[in-house]
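Report on the structure
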Amino acid sequence: IYYERPLKSILEFLEEHSTELEKKKAAIFIVCFAVVFGSLVRWHIQNHYIKPLMERIPGEVIDTLVLRGGIGNVSEDEIGKAKRWAIGLLDF
Ligand SMILES: Cc1cc2nc3c(=O)[nH]c(=O)nc-3n(C[C@H](O)[C@H](O)[C@H](O)COP(=O)(O)O)c2cc1C
């Protein structure tokens, strides 16, 4: 997430591949800083960060994950979380 929205390139990718995505199961993860503010920003993350992605995915979205990023590298903890989440998706 940059400047309160997903990258334009990602949104454009989803729009360009809309037809193919209809037939696929999708899972969304985002990396943002705001998640450190916990429940105070849950609505904001859902509506400003995840919703624009959801709206451009015509097929089934099986899960979403919000990871904590900052300025610089994403922590090993968050990378581990992403790996476990990705493995769990294989059951869908
Ligand atoms: C220029 C810039 C703008 C950012 N804007 C936001 C923002 O609006 N909201 C947020 O939660 N995080 C924001 N972040 C934090 C990023 O989402 C986080 O650093 C993430 O790890 C960036 O992804 P990348 O590591 O793939 O570049 C921003 C970071 C940068 C460098």
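Points about the pairing of strand 1 (residues 25–32)
- Taking every second residue as pointing to the same face, the buried face of strand 1 carries Ala26, Ile28, Ile30 and Cys32, while none of Lys25, Ala27, Phe29 and Val31 on the other face is buried.
- With eight bridges joining them, strand 1 and strand 2 (residues 60–68) adopt parallel strand pairing. Bridging from a neighbouring strand, cysteine 32 pairs with arginine 68 of strand 2.
- In terms of handedness, the path from strand 1 via helix 3 (residues 42–54) over to strand 2 forms a crossover that is right-handed.

Brief notes about the site of the ligand
- Around the ligand lies a shell formed by Ile1, Tyr2, Tyr3, Glu4, Val31, Cys32, Phe33, Ala34, Tyr49, Gly69, Gly70 and Ile71.
- Taking valine 31, its main chain carries an N or O atom lying 3.1 Å from an oxygen atom of the ligand.
- Isolated, the ligand exposes 620 Å² of accessible area, and the fraction of that covered by the protein chains is 69%.
- Looking at side-chain class alone, the shell around the ligand contains nine nonpolar, two polar and one charged residues.

Here we look at a nonpolar patch on the surface
- A contiguous nonpolar patch, built from Tyr2, Tyr3, Leu7 and Ile10 and spanning about 520 Å² of accessible area, is present on the exposed surface.
- Topologically, leucine 7 is positioned in the segment before helix 1 (8–16).

Concerning the pattern of salt bridges
- Under the counting rule described, the total for this entry stands at four salt bridges.
- Ionic pairing is found between glutamate 12 and lysine 8, a salt bridge with its closest N-O pair at 3.2 Å. Taken together, the residues glutamate 12 and lysine 8, both in helix 1 and four residues apart, mark about one turn of the helix.
- For glutamate 12, a relative accessible area of 33% corresponds to the partly exposed category.
- Residue lysine 8 is classed as exposed on the basis of its relative accessible area of 54%.
- Between glutamate 78 and arginine 68 there is a salt bridge, with its nearest N and O atoms 3.5 Å apart. Taken together, the positions of glutamate 78 in helix 4 (residues 76–89) and arginine 68 in strand 2 put the pair 10 residues apart, joining distant regions of the chain.
- Where salt bridges share partners, they join Arg68, Glu78 and Lys81 into one cluster.

Parameters and conventions
- Residues numbered from 1 in each chain as written.
- Predicted model: local features only at pLDDT ≥ 70, side-chain atom pairs only at ≥ 80, totals over all residues.
- Heavy atoms only, no water.
- Buried < 20%, exposed > 50% of the residue type's maximum accessible area, 1.4 Å probe, protein only.
- Helix = DSSP H or I, 4+ residues; strand = E, 2+ residues; numbered from the N terminus.
- Pairing = 2+ DSSP bridges.
- Right-handed = clockwise from strand over helix to strand, strands pointing away.
- Near = heavy atom within 4 Å.
- Polar contact = N/O pair within 3.5 Å; in protein donor to acceptor, adjacent residues only side chain to side chain.
- Areas by Shrake-Rupley, 256 points an atom, 1.4 Å probe, with all protein chains shown as cover.
- Nonpolar A, V, L, I, M, F, W, Y, C, P; charged D, E, K, R; others polar.
- Patch = residues over 30% accessible without salt bridge, like charges linked within 9 Å, V, L, I, M, F, W, Y side chains within 5 Å.
- Salt bridge = Lys/Arg side-chain N within 4 Å of Asp/Glu carboxyl O.

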